[in-house]
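# Structural features, examined
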Amino acid sequence: MLAESGVRAARLPDRPPDRASRGSRRERPPRHPDRLKHIAALGVAGRGLSFYAAQLPLPTEPIRVELTGPDDAAQRIRRSARDFCLRITQRRALDETSLAAIGEDARTWLENARVFL
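Residues numbered from 1 in each chain as written. Predicted model: local features only at pLDDT ≥ 70, side-chain atom pairs only at ≥ 80, totals over all residues. Heavy atoms only, no water.

## Overview of the packing of aromatic side chains
Here the structure, examined in full by the defined rule, presents 1 aromatic pair. With a centroid separation of 6.1 Å and 80 degrees between ring planes, the pair formed by F84 and W109 is classed as edge-to-face. One end of the pair, F84, is in helix α4 (residues 81-88); the other, W109, is in helix α5 (residues 104-112), and 25 residues separate them in sequence. For the pair F84 and W109, a shared accessibility class is recorded, and that class is buried. (Phe/Tyr/Trp six-rings, centres within 6.5 Å; stacked < 30°, edge-to-face > 60°. Helix = DSSP H or I, 4+ residues; strand = E, 2+ residues; numbered from the N terminus. Buried < 20%, exposed > 50% of the residue type's maximum accessible area, 1.4 Å probe, protein only.)

## Here's the deal with the nonpolar core
With 15 residues, the main nonpolar core has I63, V65, I77, F84, L99, W109 and L110 as its most contacted residues. Those elements giving two or more residues to this core turn out to be α2 (36-45), β1 (63-66), α4 and α5. Aside from chain neighbours lying at most four places away, what touches L110 is I77, F84, R87, L94, L99 and A101. (Core = buried A, V, L, I, M, F, W, Y, C linked by side-chain atoms within 4.5 Å. Contact = heavy atoms within 4.5 Å.)

## Considerations on the side chain of N112
On the secondary structure map, N112 appears in helix α5. Residue class for N112 comes out buried when judged on its relative accessible area of 18%.

## Some points on the confidence of the model for the chain
Interpreting fine coordinate detail is not advised for predicted regions of low pLDDT. On average, residues of the chain score 77 in pLDDT, and 66% of them are at 70 or above. The low-confidence segment residues 1-10, where pLDDT is below 50, has 5 contacts with residues more than four positions distant or belonging to other chains. (pLDDT = per-residue confidence, 0-100.)

## Concerning the environment of S50
Following the sequence through the fold, S50 ends up in helix α3 (residues 47-53). Given the relative accessible area of 0%, S50 is considered buried. As for S50 and L110, which are separated by 60 residues in sequence, their C-alpha atoms are 8.7 Å apart. Excluding residues within four positions of it along the chain, S50 makes contact with W109, N112, A113 and R114.

Structure follows, in C-alpha cells:
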C-alpha cells in the first residue's frame, strides 16, 4: 500500500515478538562499534534511574564500569561493551551476557540496569 507521499507505508506489529518466538539467533557484530561508547555512557549516567525504577536505594559506593580502563574501584562491571549496551537497553537478560559484576551493588545495578523507564 502506498502512502500519499508515494512512500510505501510500513506495517508495524502491535508489540515486539517475545524472546521465545525469536529463537536463539546469533546477533551480528555491530557495524559501528565506535558508537557503543555513547550507549554505554547513557547506561552509566542512568545508574540512578535503574535503582529508582526498581524501587531500590541508590548505593553510596561508586561503581566503575570496566569496559576498558584501570582497576581502581571495589565495585566493578567487566567484559564486553556490546553486552553492557545490550543489557542497559534491556535487549538481553543479564544471564544472556558475558558481564561480570564484582560487588553486591554492581550486581544489583546490572540486574536492574536501564536507560529508560
